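Residue-level structure breakdown
Now for the letters of each chain:
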Amino acid sequence: VFRNKLEFFAAAKISSSFPPPTLPEIAFAGVSNVGKSSLLNALTRQWGIVRTSDKPGLTQSINFFRLASKLCLVDLPGYGFAYAKEEVKESWQELVKEYVSTRVGLERVCLLVHTKRGMKPLDYELVDLMERHKTPYQIVLTKTDLVFPIDVARRAMEIQESLKKNKSVVNPVMMVSSKTGAGIRNLRAPSPNPEVT
Ligand code: GTP
Ligand code: MG
């Protein structure tokens, strides 16, 4: 499905402008600058459609992309880190929370966590919210190329442990680098049968 042409089709800064949910949806959430937009590019091998930046806080609206008429990929604005006014930051967080707790057709949220930095309080807030709303989610460690493999493994274990208290079955932490492509294939096909996707 990721081989289909990626096409931007909607942006929303308020929930009333979310497009109607007609396709199954996968959303990418996380602190600013963890690499959400880059991961969308790497997953689809289509660069330049989703904009990325060195400067945290680039993605300021919820951006909806579709892969033909099969799947919708959603780039969420990052929380926490942006060079933005407090009230603007708050409104992004609220928008992300509203999206995650109300969106029909949302099959999974990939919660991206910077391998070097680990989970932040806002990440845990989002996890709690998704637990409450029974939104399936997947933790994805990003930028694994920046640390030694042993540290990637340590971070994954630390997060897995910290999430054990949650009631739902937490999927194993996945690890990717959009830069080297490591782990991207696994993320595309987390099912036991990679040939299918
Ligand atoms: P916001 O839209 O601000 O929330 O950021 P984002 O999470 O969408 O991050 P984005 O994809 O724009 O990437 C932020 C920076 O991290 C860019 O400079 C990317 O080139 C860099 N980056 C993304 N993925 C990787 C990676 O796997 N490895 C390395 N080394 N850098 C990465
Ligand atoms: Mg972005």
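Above this text you will find the structure in question.
Description of the structure in this document. Every value quoted in this text rests on a predicted model; they were computed, and no experiment measured them.

1. Structural notes on the packing of aromatic side chains
Counted according to the given criterion, the structure contains five aromatic pairs. Members of the aromatic cluster, connected to one another through ring pairs, are Phe9, Phe18, Phe64 and Tyr99. The cationic tip of Arg66 hangs over the ring face of Phe9; the distance from NZ or CZ to the ring centre is 4.3 Å.

2. A few points about unusual backbone geometry
Glycine aside, a negative phi is what most residues show, and trans is what most peptide bonds show. Positive phi outside glycine occurs at Arg45, with the angle close to 55 degrees. Positive phi, normally seen in glycine, also occurs at Lys134, with a value near 55 degrees. Here Lys134 is to be found in the loop between α3 (121-133) and β6 (137-142). A relative accessible area of 72% places Lys134 in the exposed class.

3. Here we look at the sheet that holds strand β5 (residues 106-114)
The strands making up a sheet are joined through hydrogen bonds of the backbone, oriented either antiparallel or parallel. In space, the seven strands of this open sheet follow the order β1-β3-β4-β2-β5-β6-β7, with mixed pairing throughout. Where the open sheet ends on each side, the last strands, each with one partner, are β1 (6-12) and β7 (174-175). Bridge count for strand β3 (residues 62-67) against strand β4 (residues 71-75) is five bridges, and the pairing is antiparallel. Residue pairing in the sheet places Asn63 in a bridge with Asp75 of β4. Of the strands in this sheet, β1, β2 (25-30), β3, β4, β5 and β6 are in contact with helix α1 (residues 36-44), which crosses β2 at around 140 degrees. Contacts between helix α4 (residues 149-162) and the sheet are confined to β5, β6 and β7, with β6 contributing the most and set at about 155 degrees to the helix.

Cut-offs and rules
- Residues numbered from 1 in each chain as written.
- Chains lettered and ligands numbered in written order.
- Predicted model: local features only at pLDDT ≥ 70, side-chain atom pairs only at ≥ 80, totals over all residues.
- Heavy atoms only, no water.
- Phe/Tyr/Trp six-rings, centres within 6.5 Å; stacked < 30°, edge-to-face > 60°.
- Lys NZ or Arg CZ within 6 Å of the ring centre and 35° of its normal.
- Helix = DSSP H or I, 4+ residues; strand = E, 2+ residues; numbered from the N terminus.
- Buried < 20%, exposed > 50% of the residue type's maximum accessible area, 1.4 Å probe, protein only.
- Pairing = 2+ DSSP bridges.
- Contact = heavy atoms within 4.5 Å.
- Axes fitted to C-alpha atoms, helices over the stretch in contact; angles between N-to-C directions.

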